[in-house]
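Geometric and topological summary
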Amino acid sequence: MKLPLLAAAVGLTLAGPAAAQDKLLNVSYDVARELFEVLNPAFAEHWQEETGRTITIDMSHGGSSKQARAILEGLPADVVTFNQETDIDVLAEGGLLPEDWRDAFPNGASPFYSLPAFLVREGNPKNIDDWDDLAREDVAPVFPNPKTSGNARYTYLAAYAYALAQNDGDEAAAQDFVRKIFAGVPVFDTGGRAATQTFAERGIGDVLVTFEAETGQIAEQYSAEGFERVTPSMSLFAAFPVAVVAENAEDNGTTDVAQAYLDWLYTPEAQRILAERDYRVTDEAVAAEFADAQAPVELVTVDEVFDGWDAVTENHLASGGILDQVFVNR
Amino acid sequence: MSAQPLIAPGATPHHGRPARTGGARLLVALAVVLTLLVVVAPLTYIFVRAFSEGWQVYAANIMDPDTLHAIWLTSLIAVIVVPLNIGFGIAAAWAIAKHRFPGRGVLVTMIEIPFSISPIIAGICYLLLYGRQGLLGPWLREMDLQVVFALPGIVLVTMFVTAPFVAREVLPLMQAQGTDQEQAAVTLGASGWQVFRRVTLPNIKWALLYGAVLCTARAVGEFGGVSVVSGSVRGQTNTLPLHVELLFNDLNTVGAFAAASTLTLIALVALALKTALESRRG
């Protein structure tokens, strides 16, 4: 009677770990490492409780366009967590996931979001609290080159959307407004990281414009400088879209766990981790808990104001488009 | 070499050293300042920043599993690539120096190609060839072989980039030495392997080592090409140079400099070896 039991036990220990081990590759944008270093162990614990299985989540971080390119060429990502919707569209065009990926998860498949916001010097000496102040002649804003940086593209579009709202949709007035902001920028770095260094380490400029989620991190990293966070009255919804890379997940047999991983990002537990790191979250209860730290802001979307990313690319970002007119000929 | 040209007409040497003109002093000072600014200061700064928060933080950064894996992966790549390139370098140099065959000139040029092509182009070429949408992509998928975004791809790109080092060092020496000694050995009844081991190899020993050191330094430091085919999966395909960049982008400056310090150490060791080998070669 005992022998079969023993044999079964030995068999379980030998076969057990291999069978109960899941593996996911999450390909993500470049500054998300710290975030997923906290999220992944929390999900692993949740997964263990739920299914009794252990999971290893491998991460790859890089510029999200480069990451999309790599996945198209065979980087075996099971899920993507990006900061640009267009980069998931690229994967859809490549046939790796369905065109309607936005409907696969709530809130347009964006479990968390952010918005362009401001970081000013200690005591806010120039009294900067909204986009108007950035267009003032005595204010030098700092943000990267919108031709090369996705982050700065959001800044440009947010300022443009604000000006449209202020001027009853008058495009000429909006262009004039963003031209004024561009004219005050002392140096256009190629990326967000370099712009942060220009502002924080070289001491150039009066206000750094970047995602709200980053302003908190930067203020913390340079806590000696006493930088202060400022939320404008209105800004642009910046999605952090997620998707299961259906074809890879099918090949790797990870469809279920990939789905569960992204679903879990919408749970209060994950949303709290996100909100603690200055991301805005979709869970209303969690959002209410963090209401003090996250100032109310009127958010508009690219779809509402600009008719979607395709139209933005065509009208604003294309060579000779509105961005070129206001940026190059500033 | 004599310092004669530096002495201005009519100047008297004192203390046994050549007197220097103002212009010469200026040039020396300029060289010193440039070296300080371009080489010494940045290198020193790497270590200053790496240790800026103390030994413990430095050690913790190095002992981070992702950093350790990056160090291991980079070493593994060097261990694979350098011997392969030594083999290739000797074979190519041997063929070119000791034999006459059609296409010899083309081979000489081919060896030089990686020197003149930017590594990122090499990376993109491998991606376009072995990638999912690449020429061999569908076949590799069928065979369930992962080349790019895995070790084989990184090794291939690193091999391409470092291919010329050994061949370029060994070739001139082989050409200068000609084939007389080998022919003599053959006349005395030596087998092919004996000729290689007893005659050819001792003659090129130092040049070979020198080339291998250069090859190692380059393989360890390669960034651009590897960046294209790596996928930068931490703990999987992230090499040390890529890891330095990622840590830097993560705002983990101390971690980035700590990882950079290990790379710098490898480079400095390679440099010391190279200098030692140069003096042996005379």
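Computed from a prediction, not measured in an experiment: that's the story for all the values here. (Residues numbered from 1 in each chain as written. Chains lettered and ligands numbered in written order. Predicted model: local features only at pLDDT ≥ 70, side-chain atom pairs only at ≥ 80, totals over all residues. Heavy atoms only, no water.)

Thoughts on the overall build of chain B
Applicable threshold: Per the convention used, a helix needs a DSSP run of H or I reaching at least four residues, while a strand needs a run of E reaching at least two, with both numbered from the N terminus. Working rule for contacts: check all heavy atoms of both residues, and any pair within 4.5 Å makes them a contact. Values of accessible area rely on a 1.4 Å probe in the Shrake-Rupley scheme; residue burial ignores everything except the protein chains shown. When charges are tallied, Lys and Arg are placed among the positive residues and Asp and Glu among the negative ones, while His and the ends of the chain are skipped. Throughout, a charge is located at the NZ atom of Lys, the CZ atom of Arg, the CG atom of Asp or the CD atom of Glu.
Across its full length, chain B carries 13 helices and zero strands. Beginning at the N terminus, the succession of helices and strands in chain B can be written as α-α-α-α-α-α-α-α-α-α-α-α-α. By principal-axis analysis of the C-alpha atoms, chain B measures approximately 80 × 65 × 30 Å. In chain B, the proportion of contacts linking residues at least 24 apart, taken out of those at least 6 apart, comes to 70%. Accessible area of chain B: about 15,200 Å², with a carbon and sulfur share of 69%. Computed over 18 positive and 13 negative side-chain charges, the inter-centroid distance for chain B is 14 Å.

Description of the interface of chain A and chain B
Formally: Two parts lose some accessible area (1.4 Å probe) when they are put together, and adding that loss for both gives the buried area. Salt bridge, as used here, is a side-chain nitrogen of Lys or Arg placed within 4 Å of a carboxyl oxygen of Asp or Glu. Distance and chemistry together define a polar contact, namely a pair of N or O atoms within 3.5 Å, with one atom able to donate a hydrogen and the other to accept it when in protein, and with adjacent residues in sequence counting only for side-chain atoms on both sides. Amino acids outside the nonpolar list (Ala, Val, Leu, Ile, Met, Phe, Trp, Tyr, Cys, Pro) and the charged list (Asp, Glu, Lys, Arg) are all regarded as polar, and Gly is one of them.
The partner chain B presents 25 residues to the 26 residues of chain A that form the contact. Carbon and sulfur atoms supply 43% of the area buried between chain A and chain B, which totals about 2,200 Å² over both sides. Our count for the contact surface shared by chain A and chain B stands at three salt bridges. Here A:Glu247 and B:Arg141 are joined by a salt bridge, their closest N and O atoms 3.1 Å apart. Counting every contact that joins chain A to chain B gives ten residue pairs in polar contact (both at pLDDT 80 or more). Every element with two or more residues in the side of chain A that touches chain B is listed here: strand 1 (21–28), strand 2 (54–61), helix 3 (64–72), helix 9 (192–200), helix 10 (212–221) and helix 11 (246–252) of chain A. Of the residues that constitute the side of chain A that touches chain B, the class distribution is nine nonpolar, seven polar and ten charged.

So, the sheet that holds strand 11 (residues 242–244) of chain A
Residues and elements named next belong to chain A. Under the convention used in this document: What makes two strands pair is DSSP finding at least two bridges between them. Throughout, an axis means a line fitted to C-alpha atoms (over the contacting stretch in the case of helices), and angles, computed between N-to-C directions, take values from 0 to 180 degrees.
Pairing is mixed across the open sheet formed by four strands, whose spatial order is 2-1-3-11. The open sheet has two free edges, formed respectively by strand 2 and strand 11, since each of these has just one partner strand. Averaged over all neighbouring strand pairs, the angle between strand axes comes to 20°, with direction disregarded. By the bridge criterion, eight bridges tie strand 1 to strand 2 in an arrangement that is parallel. Residue pairing for strand 2: Gln21 is matched across the bridge by Thr54.

Some thoughts on the pairing of strand 2 of chain A
As a reminder of what qualifies: Type-normalised accessible area, obtained with a 1.4 Å probe on protein chains alone, sets the label of each residue: buried when under 20%, exposed when over 50%, and partly exposed for intermediate values. Handedness is read with the strands pointing away from the viewer; a crossover is right-handed when the path from the first strand over the helix to the second is clockwise.
The element strand 2 of chain A is extensively covered by neighbouring structure, given that six of its eight residues are classed as buried. Chirality of the crossover, the property in question, places the unit of strand 1 of chain A, helix 2 (residues 33–51) of chain A and strand 2 of chain A among those that are right-handed.

A short note on unusual backbone geometry
All names here are of chain A. Phi at Ala109 takes a positive value of approximately 60°, unusual for a residue other than glycine. Assignment of secondary structure puts Ala109 in helix 5 (residues 106–109). Ala109 gets classed as buried once you look at its relative accessible area, which sits at 0%. With phi around 50°, Asp168 is a residue other than glycine that occupies positive phi space. Within the secondary structure layout, Asp168 lies in the loop between helix 7 (150–166) and helix 8 (171–183). The class for Asp168 is exposed, based on a relative accessible area of 76%.

Observations regarding the domain arrangement of chain B
All names here are of chain B. Defined as follows: How far each domain reaches was decided by an automatic or database domain assignment.
Taken domain by domain, chain B comprises domain 1 (1–50) and domain 2 (56–281). Relative to domain 2, the C-alpha centre of domain 1 lies at a distance of 35 Å. Counting from both sides, the interface comprises six residues of domain 1 and, opposite them, ten residues of domain 2. Both sides together, the interface formed by domain 1 and domain 2 hides about 680 Å², and carbon and sulfur atoms give 81% of it. Looking at the side of domain 1 facing domain 2, the largest losses of area belong to Phe47, Arg49 and Ala50, adding up to 67% of the total buried there. Taken together, the links from domain 1 to domain 2 amount to zero residue pairs in polar contact (both at pLDDT 80 or more). Tallied by class, the residues present in the side of domain 1 that touches domain 2 amount to five nonpolar, no polar and one charged.

Quick look at the domain arrangement of chain A
All names here are of chain A. What the domain assignment reports for chain A is domain 1 (2–112 + 239–289) and domain 2 (116–236 + 297–327). Every contact between the two is made by eleven residues of domain 1 and, on the other side, twelve residues of domain 2. Buried area between domain 1 and domain 2, summed over both chains or domains, comes out near 1,000 Å², and the portion from carbon and sulfur atoms is 44%. For the pair domain 1 and domain 2, the number of links is two salt bridges. Asp278 is paired through a salt bridge with Arg229; the nearest N and O atoms lie 3.1 Å apart. At the surface where domain 1 touches domain 2, the tally comes to two residue pairs in polar contact (both at pLDDT 80 or more). In terms of residue class, the side of domain 1 that touches domain 2 is made up of three nonpolar, three polar and five charged.

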